[in-house]
Amino acid sequence: MTLVISPVVAGGGRRRLFPADSPPTTFELVDATSTSTGAIIATYRPTAPRG
């Protein structure tokens, strides 16, 4: 999964990134790069379940 984070604050309601009924999942950061405009491009991958 790649998540692009921009330095912008916006009003309004919040929408879920994942459905409410999806199982909890943890992610680890694989890579993060800052752009010249200040955006952060972050790449995550799901971690293996512990057990």
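Please refer to the structure higher up on the page.
As the structure is a prediction and not an experimental result, all values here were calculated from the model.

**Description of the pairing of strand β3 (residues 40-46)**
Side-chain positions along a regular strand alternate between the two faces of the sheet.
Then comes step 1: Relative to β3, strand β2 (residues 27-34) is paired through 7 bridges, and the arrangement is antiparallel. Across the sheet, the residue bridging to D31 is T43, located in β3.
Then comes step 2: The antiparallel pairing of β2 with β3 creates a hairpin that spans 5 residues between the two strands, and G38 there sits at a positive phi of about 100°.

**Things to note about the pattern of salt bridges**
Then comes step 1: Under the counting rule described, the total for this entry stands at 1 salt bridge.
Then comes step 2: In this structure, R45 and E28 form a salt bridge, with 3.0 Å as the shortest nitrogen-oxygen distance. Within this pair, whereas R45 is found in strand β3, its partner E28 is found in strand β2, the two being separated by 17 residues in sequence.
Then comes step 3: Look at E28 and you get partly exposed, because its relative accessible area is 33%.

**Quick notes on the environment of F27**
Then comes step 1: By secondary structure assignment, the location of F27 is in strand β2.
Then comes step 2: Remark: the alpha-carbon pair of F27 and R45, spanning 18 residues in sequence, is separated by 5.3 Å.

The rules we used
Residues numbered from 1 in each chain as written. Predicted model: local features only at pLDDT ≥ 70, side-chain atom pairs only at ≥ 80, totals over all residues. Heavy atoms only, no water. Pairing = 2+ DSSP bridges. Helix = DSSP H or I, 4+ residues; strand = E, 2+ residues; numbered from the N terminus. Salt bridge = Lys/Arg side-chain N within 4 Å of Asp/Glu carboxyl O. Buried < 20%, exposed > 50% of the residue type's maximum accessible area, 1.4 Å probe, protein only.

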